[in-house]
Protein chains: 2
Amino acid sequence: MGGGLVVLHGKSIISSLPLKPDHSLCTPSEVSPFFPSSPKMSTRFPTINPKSLHYLFTILSICLHLTPLINSRTIRTVNSPSHLSDDSSITYLWPLPSEFTSGNETLAVDPDLSISLSGNGANSVIVREAFARYKTLIFKHVGGSKFGGTSNSDYDVGKVTVIVHSDDEELQLGVDESYTLLVGKNNGLSIIGEVAIEANTVYGALRGLETFSQLCGFDYGTKTVQIYKAPWFIKDKPRFEFRGLLLDTSRHYYPIDIIKQIIESMSYAKLNVLHWHIIDEQSFPLEVPAYPKLWKGAYTKWERYTVEDASEIVNFAKMRGINVMAEIDVPGHAESWGTGYPDLWPSSSCREPLDVSKNFTFEVLSGILQDMRDIFPFELFHLGGDEVNTDCWKYTPSVKQWLQERNMTEKDAYQYFVIKAQEIAISKNWTPVNWEETFNTFAEKLNPKTVVHNWLGPGVCPKAVAQGFKCIYSNQGVWYLDHLDVTWDGFYDAEPLEGITDSVKQKLVIGGEVCMWSETADPSNVQQTIWPRAAAAAERLWTSKEAAPTSNTSATALTRLHYFRCLLTRRGVQASPVTNMYARNPPYGPGSCYDQ
Amino acid sequence: MGGGLVVLHGKSIISSLPLKPDHSLCTPSEVSPFFPSSPKMSTRFPTINPKSLHYLFTILSICLHLTPLINSRTIRTVNSPSHLSDDSSITYLWPLPSEFTSGNETLAVDPDLSISLSGNGANSVIVREAFARYKTLIFKHVGGSKFGGTSNSDYDVGKVTVIVHSDDEELQLGVDESYTLLVGKNNGLSIIGEVAIEANTVYGALRGLETFSQLCGFDYGTKTVQIYKAPWFIKDKPRFEFRGLLLDTSRHYYPIDIIKQIIESMSYAKLNVLHWHIIDEQSFPLEVPAYPKLWKGAYTKWERYTVEDASEIVNFAKMRGINVMAEIDVPGHAESWGTGYPDLWPSSSCREPLDVSKNFTFEVLSGILQDMRDIFPFELFHLGGDEVNTDCWKYTPSVKQWLQERNMTEKDAYQYFVIKAQEIAISKNWTPVNWEETFNTFAEKLNPKTVVHNWLGPGVCPKAVAQGFKCIYSNQGVWYLDHLDVTWDGFYDAEPLEGITDSVKQKLVIGGEVCMWSETADPSNVQQTIWPRAAAAAERLWTSKEAAPTSNTSATALTRLHYFRCLLTRRGVQASPVTNMYARNPPYGPGSCYDQ
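### Some remarks on the overall build of chain A
Consideration 1: Along its length, chain A carries 22 helices and 16 strands.
Consideration 2: The burial tally for chain A puts 65% of its 596 residues in the buried class.
Consideration 3: Surface summary for chain A: the accessible area is close to 20100 Å², and the carbon and sulfur share equals 49%.

Laid out in structure tokens, this is it:
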């Protein structure tokens, strides 16, 4: 045996890591708790314990000063699919992990892959079900093994060891999604052995499983699932805690199955917030038990979500580490409320904004928020507040009188409405999110907890964080999916922290969100409008600034995005050609998925 | 008790059938074998036996002269979704059964719905798995029962009785897909009780389950699955034995999951043949063990189907009563063959048609057909034969010499190739299908078994059947899905038997097929290009001429098609708006699924 790390861990994993000149800093005493009990090892070393990987990884990353190798072997530029097909060892990850190294071994993965789950989260149903899903994704192709036999010993990888340190499965903003993933050959020497994922929470483990699944590729020659460029050492965590996708179910209704398809595909790109723009002026699909006539505002009796449907969606999302942030967009996008309760309209000819002058309006608002509180555990709740045209308030006698009695302008009343809605939401233990118009119009009146949601253009988050507000970046010029002329690189090159240099202020930008407004999107085309462009934003939101390609992205990111788009289609997702000049256009002609 | 049928079957089912004046033809002696043993019945009646429904239905249909009520209560014209939402008892079926009656009762269906499978097919895995799938489709919405309790007695329907008379599960052209479906309340009097499906084969049972699933709708008011307009008596069978969809996996590759999605959705419309146009000039994705270099013609190493993949697709389709008709399109659409075996090209500059002058060409063809014989059990095999431009044959010295030695023109050589391919296919126990050019050019030379596949325009099937050939109708002007300007009613109004009046000749038209050529379709948009227009053709192919609406279809069919499109989206299928003037256009603006 050699000295240092090679001694510690055998040759399977660590020996191929790119040792720095200073690796001698790692003395045996620093890492001895992690030595495996092996006949070839001194018996003084204890057996592996659930926490060992955690410390091992920490020390490794300190000792090795791991840096990503993003522009070398692993991430290549290719000119054509035929070039791709000549290299049997290409592996593409999307979004790119923050830190990783790889080697040159090829491992065959056993179709009977098993999971060994340990740590305080050892009983997690979330992780076990995720493993089952990923196993299905990884082993899509049935049949043949080149070995002919079925013995586990024919394969290099037969087990995924997952260590989850916490048994707390609450999913909230800022939940720890970090993970470490090691993939190596089990040669009986390594303490790591095969595949190991270590995470503080189950949600970190989910992210690790996704990454692992992307390392696995079906090799048509041997008809086995293989992992190229092993051993892999990946240390990863999200750049932003809020990585969202808005879905608008008012302009068009999306059946539960379609919403689940969207959520499932979000998890492939490590997005973690579904911003559910449930209700708008066109339709009110959600059941509100306190005001049972509200969903009379649905398009039809079939285009509705029961409380149980909504809860099921929230649970389905949670199982994939995705929060659901609900929105009711008041007072400007709420005409459909009045279908069931016409009193919410100032008059039959003034149906929007909601009637600011009636207590009933706020009673209904409170009732909705109370009922939604039971459905949506996420701490953020979106109160909208955008595009409020108050013109017809002043032409409605009752509202006009109410304003005069209070010596208020319509603008004052808009502010009054938003602030009152915030108070109600906060009283129900919610943190309010509002579209940027509220900030642009009366920033000083907003509750300091407010999360400002940018959309109109650049430069809003810098102003918001300067005043101490948190901010979500959704600049419509680059991150609105219904802007069909924004190409993948428009999404990719966007920068949520643009214009913010103070690192303290930068932390107030909790993330960003791509928005799928549905005026011209419906179940027939929503996935092809979302993907692959949402994935471009997802990498911007996940991958650390240092690791993410920033220049020459057509060489460093485009090929990977092609690959990810094709991975989506292999998983049954209707992702559009990457290089469309206009989103969701059909492919221009025959050709490879990896080329279009 | 009253006399006649009401005496026989209690009041639950039969009493609401539209009795004809001649119902007295049914005497008790005719139907006595089917009397249930019931305390309220004479004890001389035997207990129900598995075959009783079969005879009962036969006699019922004779006695009652059942006719469809397609333009009365059940099929309505509505002007808007809001109209729809006012009627809680609308039920739409697509494709329309050939004969049915309905009543005015509403039944609640137990979420714990069970199946009782009997007859010689009682052990069918195909039926049991289908029932499980349909149960998932029917009970998409979790939760609440208006009754609060979970006792089965709270529901009207708790069991589906399926009787399959044959245990032969071979799926071939002309397999019996007929079924009878009765849905009524179980009140302890009826021998039918709840839901009964009777079919001669498992495939008829599958069609019955699909129809049953369309009768079941989730009622958002009670939060239960309900069946309106019960009791239902449906007697149904396909008009044509061949109801196909062509999928072209050469111009773009479709991953297995996408193909499965397509097959699954075909079953919803009762289509029963996937015409798999596997290979064309652009790519050769299929593994051929005898000639392992052939799939080097795939776009990339990832855009391939293994033998096991193909078999899995065939099996997946069979489980849904769908045959897979494979095609290799020779000699004109086969350039990709030469990527692995350049000898198949006449020269490097003449890569198509395949080299007619070499034995090797036919050896490879034979090897492909032999290997495919193990994958595709369907008796029909498509040999293509269309669009053969032989120009470059005559400029290739070796081919030119070969032609001269045999005193053959290029046209002769085209015929020689097609006939030789037919002989090879027939020798492997296949019935050859060829595109119409072969018939148009040398009809008299074609093997009499040949099925002529129309595509160029109208009037071909009349000529083909006049000469004794079988024919498949795919007139590109109405049934090519890549013709995006053909609207739903263009598909709907097409008539495979147009121009054929002789009933003997009509029988030679085995059916029709809609074609999804993939020059500009890929996984991102294929389902939205197929649906809902393929459904329009599916009703033309399934529903008897007498039962299918032929006039004023925007009143008799359009509303149902809207409903079916929305049913597809509820099942997760990306079906486009029905009234698009141009297929797969996005919806023009916000609105209800039932309106667009």
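### Looking at the pattern of salt bridges
Oppositely charged side chains can form a pair if their charged atoms are brought close together.
Residue and element names in this part refer to chain A.
Consideration 1: Taken as a whole and judged by the stated rule, the model has 40 salt bridges over all chains.
Consideration 2: A salt bridge links Glu-177 to Arg-243; the shortest N-O distance between them is 2.7 Å. Taken together, the residues Glu-177 in the loop between β3 (157-164) and β4 (179-183) and Arg-243 in strand β9 (residues 242-248) connect sequence positions 66 residues apart.
Consideration 3: Between Arg-560 and Glu-539 there is a salt bridge, with its nearest N and O atoms 2.7 Å apart.

### What about the interface of chain B and chain A?
Consideration 1: Taken together, the contacts link 66 residues of chain B with 66 residues of chain A.
Consideration 2: Regarding the contact of chain B and chain A, the summed buried area is about 5200 Å², with carbon and sulfur atoms giving 56% of it.
Consideration 3: Contact with chain A buries surface across chain B, with Tyr-220, Lys-301 and Trp-302 of chain B losing the most and accounting together for 16% of the total.
Consideration 4: Where chain B touches chain A, the interface holds eight salt bridges.
Consideration 5: One salt bridge connects Glu-308 of chain B with Lys-223 of chain A, and the closest N-O pair in it is separated by 2.8 Å.

### Looking at helix α10 (residues 359-375) of chain B
Side chains three or four residues apart in an α-helix point the same way, a direct result of the helix having 3.6 residues per turn.
Residue and element names in this part refer to chain B.
Consideration 1: Taking 1.5 Å as the rise per residue, α10 with 17 residues should run 24 Å; its terminal C-alpha atoms sit 25 Å apart, in good agreement.
Consideration 2: Among the residues making up α10, those that are buried are Thr-361, Phe-362, Val-364, Leu-365, Gly-367, Ile-368, Leu-369, Asp-371, Met-372, Arg-373 and Ile-375.
Consideration 3: Contact partners of the buried residues in α10: β10 (273-279), α8 (307-318), β11 (323-328), α9 (337-340), β12 (380-382) and α13 (410-427).

### Quick notes on the sheet that holds strand β5 (residues 195-199) of chain B
Residue and element names in this part refer to chain B.
Consideration 1: Spatially, the eight strands line up as an open sheet ordered β1-β8-β4-β5-β3-β2-β7-β6, and their pairing is mixed. Of all strands in the sheet, those with a lone pairing partner are β1 (99-101) and β6 (216-219), marking the two edges. Geometrically, the sheet is characterised by an average inter-axis angle of 30° between neighbouring strands, direction not taken into account.
Consideration 2: One ladder, built from three bridges, connects β1 with strand β8 (residues 232-236); its direction is antiparallel. Residue pairing across strands places Phe-100 opposite Ile-234, the latter belonging to β8.
Consideration 3: With respect to the sheet, helix α5 (residues 125-138) is in contact with β2 (105-118), β3 (157-164), β6 and β7 (224-230), its orientation differing from that of β2 by roughly 155°.

### Some details on the state of the cysteines
Note on terminology: a disulfide is the covalent bond linking the sulfur atoms of two cysteines.
Consideration 1: On inspection of all chains with the given rule, the structure shows six disulfides over all chains.
Consideration 2: Between the sulfur atoms of Cys-461 of chain A and its disulfide partner Cys-471 of chain A the distance amounts to 2.0 Å. Handedness of the Cys-461 of chain A-Cys-471 of chain A disulfide follows from its S-S torsion of about -80°: it is left-handed. Linking Cys-461 of chain A in helix α15 (residues 460-466) with Cys-471 of chain A in strand β15 (residues 470-473), this pair joins segments that are ten residues apart in sequence. Neither residue differs from the other here; Cys-461 of chain A and Cys-471 of chain A are each classed as buried.
Consideration 3: The side chain of Cys-566 of chain B participates in a disulfide bridge whose partner is Cys-593 of chain B; the two sulfur atoms lie 2.2 Å from each other.

### What about the pairing of β5 of chain B?
Residues and elements named next belong to chain B.
Consideration 1: Counting buried positions along β5 yields five of five residues, so the element is predominantly enclosed.
Consideration 2: Every second residue of β5 is oriented toward a common face, with Val-195, Ile-197 and Ala-199 on one face and Ala-196 and Glu-198 on the other, all of them buried.
Consideration 3: The sheet contact formed by β3 and β5 spans five bridges and is parallel. By the bridge assignment, Val-164 is partnered in β5 with Ala-199.
Consideration 4: Here strand β4 (residues 179-183) pairs with β5 via five bridges, running antiparallel. Of the residues in β5, the one forming a bridge with Leu-181 is Ile-197.

### Considerations on the relation of the copies chain B and chain A
Consideration 1: Between chain B and chain A, the superposition needs a rotation of 180° and an axial shift of 0.0 Å, giving an RMSD of 0.0 Å. Each copy turns onto its partner about a two-fold axis. Measuring from the rotation axis to each C-alpha of chain B, the shortest distance belongs to Asn-525 of chain B, at 3.8 Å.
Consideration 2: Looking at chain B, 100% of its interface residues are interface residues in chain A too, so the copies touch through the same face.

### Describing the domain arrangement of chain A
Residue and element names in this part refer to chain A.
Consideration 1: Parsing chain A into structural domains produces domain 1 (1-66 + 99-236) and domain 2 (242-595).
Consideration 2: On the side of domain 2, 24 residues touch domain 1, which itself brings 21 residues to the contact.
Consideration 3: Note on domain 1 versus domain 2: buried area summed over both sides is about 2000 Å², and carbon and sulfur give 52% of it.
Consideration 4: Looking only at domain 1, the three residues that lose the most surface to domain 2 are Leu-171, Leu-173 and Arg-207, adding up to 32% of its buried area.
Consideration 5: In this assembly, domain 1 and domain 2 are joined by three salt bridges.
Consideration 6: We note a salt bridge from Glu-264 to Arg-133, for which the minimum N-O separation is 3.6 Å.
Consideration 7: Connecting domain 1 to domain 2 are 13 residue pairs in polar contact (both at pLDDT 80 or more).
Consideration 8: Contributions of two or more residues to the side of domain 1 that touches domain 2 are made by α5 (125-138) and α6 (202-215).
Consideration 9: No other element matches the seven residues that α6 contributes to the side of domain 1 that touches domain 2.

### Examining the packing of helix α7 (residues 256-268) of chain B against α8 of chain B
All names here are of chain B.
Consideration 1: Remark: α7 packs on α8, axes separated minimally by 10 Å, with the N-to-C direction vectors making an angle of 20°. One way to sum up the angle between α7 and α8 is to call them roughly parallel. Handedness of the crossing formed by α7 with α8: right-handed. Touching Ile-256, Ile-259, Lys-260, Ile-263 and Glu-264 of α7 are Asp-309, Glu-312, Ile-313, Phe-316 and Ala-317, all from α8.

### So, the sheet that holds strand β7 (residues 224-230) of chain A
Residue and element names in this part refer to chain A.
Consideration 1: Taken in spatial order, the eight strands of this open sheet run β1-β8-β4-β5-β3-β2-β7-β6, and their pairing is mixed. The sheet is open, and its two borders are formed by β1 (99-101) and β6 (216-219), each paired with just one other strand. Neighbour-to-neighbour, the strand axes of the sheet open up by a mean angle of 30°, direction not taken into account.
Consideration 2: Packing of α6 onto the sheet brings it into contact with β2 (105-118), β3, β4, β5 (195-199), β6, β7 and β8 (232-236), and relative to β4 it is tilted by some 35°.

### Focus on the packing of α5 of chain B against helix α6 (residues 202-215) of chain B
All names here are of chain B.
Consideration 1: The geometry of α5 relative to α6 is characterised by a closest axis approach of 10 Å and an angle of 10° between their N-to-C directions. Of the possible angle classes, the one that applies to α5 and α6 is roughly parallel. In this structure, α5 contributes Ile-126, Val-127, Ala-130, Phe-131, Tyr-134 and Ile-138 to the contact, and α6 contributes Val-202, Tyr-203, Ala-205, Leu-206, Leu-209, Glu-210, Phe-212 and Ser-213.
Consideration 2: A breakdown of the residues in the contact of α5 with α6 according to their chemical character gives twelve nonpolar, one polar and one charged.

### Focus: the side chain of Thr-431 of chain B
Consideration 1: Note on placement: Thr-431 of chain B falls in strand β13 (residues 431-435).
Consideration 2: Thr-431 of chain B gets classed as buried once you look at its relative accessible area, which sits at 16%.

### Describing the environment of Asp-493 of chain A
Residues and elements named next belong to chain A.
Consideration 1: Within the secondary structure, Asp-493 is located in helix α17 (residues 488-493).
Consideration 2: Of the residues examined, Asp-493 reaches a relative accessible area of 45% and is grouped as partly exposed.
Consideration 3: Sequence separation between Asp-493 and Val-478 is 15 residues; the distance between their C-alpha atoms is 8.5 Å.
Consideration 4: If we ignore the near neighbours within four places in the chain, the residues touching Asp-493 are Arg-540 and Thr-553.

### Describing the confidence of the model for chain A
Residue and element names in this part refer to chain A.
Consideration 1: Predicted confidence across chain A gives a mean pLDDT of 85, with 82% of residues reaching 70 or more.
Consideration 2: A low-confidence stretch, residues 1-86 (pLDDT under 50), is modelled with 158 contacts involving residues beyond four sequence positions or located in other chains.
Consideration 3: Every residue in residues 145-150 is under pLDDT 50, and counting partners more than four places away or in other chains gives eleven contacts.
Consideration 4: Here the predicted complex carries an ipTM of 0.87, next to a pTM of 0.88.

### Side note on the pairing of β11 of chain B
Residues and elements named next belong to chain B.
Consideration 1: The buried fraction of β11 amounts to six of the six residues, a majority that puts the element mostly inside the structure.
Consideration 2: Residues Asn-323, Met-325 and Glu-327 of β11 are buried on one face, and the alternating residues Val-324, Ala-326 and Ile-328, pointing to the opposite face, are buried as well.
Consideration 3: Bridging between β10 and β11 involves six bridges; their strand directions are parallel. Note that in β11 the partner of Ile-279 across the bridge is Ile-328.
Consideration 4: Once you follow β10 into α8 and on to β11, the crossover reads as right-handed.

How each quantity is defined
- The numbers attached to residues start from 1 for each chain and follow its sequence in the written order.
- For naming, the first written chain is A and the first written ligand is 1, with later ones following in the order written.
- Confidence filtering applies because this is a predicted model: local features only for residues at pLDDT of at least 70, side-chain atom pairs given and counted only at 80 or more, and all residues used for totals across whole chains, interfaces and linings.
- Only hydrogens and water are set aside; all other atoms, that is, all heavy atoms of the structure, feed into the side-chain values.
- Secondary structure counts use DSSP, requiring at least four H or I residues in a row for a helix and at least two E residues in a row for a strand, with both numbered from the N terminus.
- Relative accessibility decides the category of a residue: with a 1.4 Å probe and only protein chains considered, values under 20% of the type maximum give buried, values over 50% give exposed, and everything between is partly exposed.
- Reported accessibility uses the Shrake-Rupley method at a 1.4 Å probe radius. Residues are deemed covered only where the shown protein chains occlude them.
- Criterion for a salt bridge: a side-chain nitrogen of Lys or Arg within 4 Å of a carboxyl oxygen of Asp or Glu.
- Throughout, a contact is declared for two residues whenever any of their heavy atoms are within 4.5 Å.
- As a working definition, buried area equals the accessible area (1.4 Å probe) given up by two parts on being put together, with both sides summed.
- Every helix has an expected span of 1.5 Å times one less than the residues it contains.
- Two strands pair under a simple rule: DSSP has to find at least two bridges between them.
- Angles here are taken between N-to-C directions and fall from 0 to 180 degrees, while the axes themselves are lines fitted to C-alpha atoms, restricted in helices to the stretch in contact.
- Defined by distance alone, a disulfide is two cysteine sulfur atoms within 2.5 Å.
- Each copy is superposed on the other by least squares, with the fit set by C-alpha atoms of residues at a pLDDT of at least 70 in both.
- Residue ranges for the domains trace back to a domain assignment, done automatically or taken from a database.
- The term polar contact refers here to a pair of N or O atoms within 3.5 Å; inside protein, the definition further demands a hydrogen-donor-capable atom paired with an acceptor-capable atom, and it admits residues adjacent in sequence only when both atoms are side-chain atoms.
- Reported orientations rely on four angle classes, namely roughly parallel under 35 degrees, roughly antiparallel over 145, roughly perpendicular from 65 to 115, and oblique for the rest.
- Each crossing gets its hand from how the near helix is turned against the far one by less than a right angle, where anticlockwise is left-handed and clockwise is right-handed.
- Here the nonpolar group is Ala, Val, Leu, Ile, Met, Phe, Trp, Tyr, Cys and Pro; Asp, Glu, Lys and Arg are the charged ones; every other residue, Gly included, is treated as polar.
- Every residue is assigned a pLDDT by the predictor, reflecting its confidence on a scale from 0 to 100.
- Look down the strands so they point away from you; if going from the first strand over the helix to the second traces a clockwise path, that crossover is right-handed.

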